[in-house]
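# Working through the structure, step by step
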Amino acid sequence: MEYKIRCVGLLTSGGDAPGMNAAIRAVTRTAIFNGIRVKAIYRGYKGLITGEVKEFRTQDVSNIIQHGGTILKTARCMEFKTPEGRKIAYDTMVREEIDALVVIGGDGTFTGARIFAQEYNIPIVGLPGTIDNDLWGTDSTIGYDTALNTIVEAVDKIRDTATSHERLFFVEVMGRDAGFLALNSAIAAGAEAAIIPERETHEDQLEALIKNGFRKSKNSSIVLVAESETTGGAQGLANRMREEHPEYDVRVTILGHIQRGGSPTAYDRILASRMGVAAIDALLDEQRNIMIGIQNDEIVHVPFTKAIKDDKQINPEKVSVLQILSI
Ligand code: F6P
């Protein structure tokens, strides 16, 4: 059946990520360039339910590419998880004459999108917007590079005090059970180790760390820890360390939401711009239920089911690089 898209709805959902504004700008301008109207939906799926919708013109996205956060606001919406909530959301779409959606977010966003698209036969395209980089089918997600740089900058500062006091720091970073931020920031900051959920089944990482010994010639150590219930996070590991090795002067830093803010890096701005253009191109090409990804610097289309469900693997080569370089 031929399906002409005249008006696209645009929302950001889940945790915000630097670069989301660049994506909003790209989607809006590409749609308008192609003669498609754009309706901005505020506060994610919640805005579809409450009807917080505003038509965007090209000037509504001026001067936003450099800003972190999302001008559309974001939320995690419980009501959208119910069929009743999705029915109200669909009614809003009909009322607002929105006939396709571009959703920017992470796995929760795409899980909702997939169900909604199936229930109501709506074309939906997703852009991966999360600092976690935990979506299968894309080498990088929008916001990941900025968060990585924020972490590295913070760890460089922690190193100064760690060295002065000859301390062992456990620095916890975000990732929602994914170790990409922890592993890559550990390499970039020259940390001694990264404790990541993906390797928890292989070994007791803390024990391995102690067994290898912190290099004697070094007077400080920094261990990057991915937030995770499995490992107990930085606090859990530090407690264990203090009990088992009282000789170490241990400190904990939890970087928290500082990782989600800030001006996006050039990489994230370019990625978000390319992905935003690709989202509208995909809709014009009658693609639906896909996430836009990037692989080897080429734009790709990844079915929602794969992006959400398939496990994105940690590259073992990087684990080994960190191990070798921290001797
Ligand atoms: O998914 C992005 C993320 O920042 C995760 O890394 C983290 O676990 C979570 O969101 C925190 O969510 P909230 O801001 O709702 O506490």
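Conventions we followed
- Residues numbered from 1 in each chain as written.
- Predicted model: local features only at pLDDT ≥ 70, side-chain atom pairs only at ≥ 80, totals over all residues.
- Heavy atoms only, no water.
- Helix = DSSP H or I, 4+ residues; strand = E, 2+ residues; numbered from the N terminus.
- Expected span 1.5 Å × (residues − 1).
- Buried < 20%, exposed > 50% of the residue type's maximum accessible area, 1.4 Å probe, protein only.
- Contact = heavy atoms within 4.5 Å.
- Domains from an automatic or database assignment.
- Buried area = accessible area lost by both parts, 1.4 Å probe.
- Salt bridge = Lys/Arg side-chain N within 4 Å of Asp/Glu carboxyl O.
- Polar contact = N/O pair within 3.5 Å; in protein donor to acceptor, adjacent residues only side chain to side chain.
- Nonpolar A, V, L, I, M, F, W, Y, C, P; charged D, E, K, R; others polar.
- Axes fitted to C-alpha atoms, helices over the stretch in contact; angles between N-to-C directions.
- Left-handed = near helix turned anticlockwise from the far one by under 90°.
- Core = buried A, V, L, I, M, F, W, Y, C linked by side-chain atoms within 4.5 Å.
- Near = heavy atom within 4 Å.
- Areas by Shrake-Rupley, 256 points an atom, 1.4 Å probe, with all protein chains shown as cover.
- Pairing = 2+ DSSP bridges.

## Looking at helix H1 (residues 20–33)
The terminal C-alpha atoms of H1, which comprises 14 residues, lie 20 Å apart, in line with the 20 Å expected from a rise of 1.5 Å per residue. In terms of burial, H1 is largely enclosed, as 10 of its 14 residues are buried. For H1, the full list of buried residues reads Met-20, Asn-21, Ala-22, Ala-23, Ile-24, Ala-26, Val-27, Thr-28, Thr-30 and Ala-31. In the core, the buried residues of H1 are packed alongside strand S1 (7–12), strand S2 (37–41), strand S3 (53–56), strand S4 (100–105), strand S5 (124–128) and helix H9 (266–284). In the segment just after H1, Gly-35 is the residue with positive phi, at about 80°.

## Regarding the domain arrangement of the protein chain
The assigned domain composition of the protein chain is domain 1 (7–143 + 264–309) and domain 2 (146–260). Residue-level contacts link 13 residues of domain 1 with 11 residues of domain 2. Carbon and sulfur atoms make up 49% of the area that domain 1 and domain 2 hide from each other, which totals about 1,000 Å². Applying the counting criterion to the domain 1 and domain 2 interface returns 1 salt bridge. Two residues, Arg-260 and Asp-16, come together in a salt bridge whose shortest N-O distance is 2.7 Å. The interface formed by domain 1 and domain 2 includes 5 residue pairs in polar contact (both at pLDDT 80 or more). Class assignment of the residues belonging to the side of domain 1 that touches domain 2 gives a composition of 4 nonpolar, 4 polar and 5 charged.

## A closer look at the packing of H1 against H9
For the pair H1 and H9, the least separation of the axes is 7 Å and the interaxial angle reads 35°. Crossing geometry of H1 relative to H9 is assigned as right-handed. Taking contact as the criterion, the partners of Ala-22, Ala-23, Ala-26, Val-27, Thr-30 and Ala-31 in H1 are, on H9, Arg-269, Ala-272, Ser-273, Gly-276, Val-277 and Ile-280. The residue makeup of the contact of H1 with H9, split by class, is 8 nonpolar, 3 polar and 1 charged.

## Here's the deal with the nonpolar core
Val-8, Val-102, Leu-127, Leu-181, Leu-224 and Ile-292 are the most contacted members of the largest nonpolar core, which totals 66 residues. Of all the elements, helix H5 (residues 144–165) adds the most residues to this core, at 9 residues. Looking at which domains feed residues into this core, each of domain 1 (7–143 + 264–309) and domain 2 (146–260) supplies at least three. Setting aside chain neighbours within four positions, we find Val-102 in contact with Val-8, Gly-9, Leu-10, Leu-11, Val-27, Val-125, Leu-127, Ala-279, Ile-280 and Leu-283. By size, the runner-up hydrophobic cluster in this structure holds 26 residues, among which are Phe-80, Ile-124, Leu-135 and Phe-304.

## Here's the deal with the site of the ligand
Around the ligand, the neighbouring residues are Arg-76, Thr-130, Asp-132, Met-174, Gly-175, Arg-176, Glu-227, His-257 and Arg-260. In this structure, Gly-175 approaches the ligand through a main-chain N or O atom, which is 3.1 Å from an oxygen atom. Residue Glu-227 places a side-chain N or O atom 2.5 Å away from an oxygen atom belonging to the ligand. Within the complex, 74% of the 400 Å² of free accessible area of the ligand lies under protein.

## Structural notes on the pairing of S4
Summarising burial for S4: 6 of the 6 residues are buried, a large majority. Side-chain alternation along S4 places Ala-100, Val-102 and Ile-104 on one buried face and Leu-101, Val-103 and Gly-105 on a second face that is also buried. Judged from the 5 bridges that link them, S1 and S4 form a sheet pairing that is parallel. If you follow Gly-9 over to S4, its bridge partner there is Leu-101. When S4 meets S5, the two strands line up parallel, connected through 5 bridges.

## So, the environment of Arg-176
Relative to the helices and strands, Arg-176 resides in the loop between strand S6 (168–173) and helix H6 (180–189). The spacing of Arg-176 and His-301 is 125 residues in sequence and 24 Å in space, taken between C-alpha atoms. Leaving out residues up to four positions away in the same chain, Arg-176 has contacts with Arg-76, Asp-132, Asp-134 and Glu-227.

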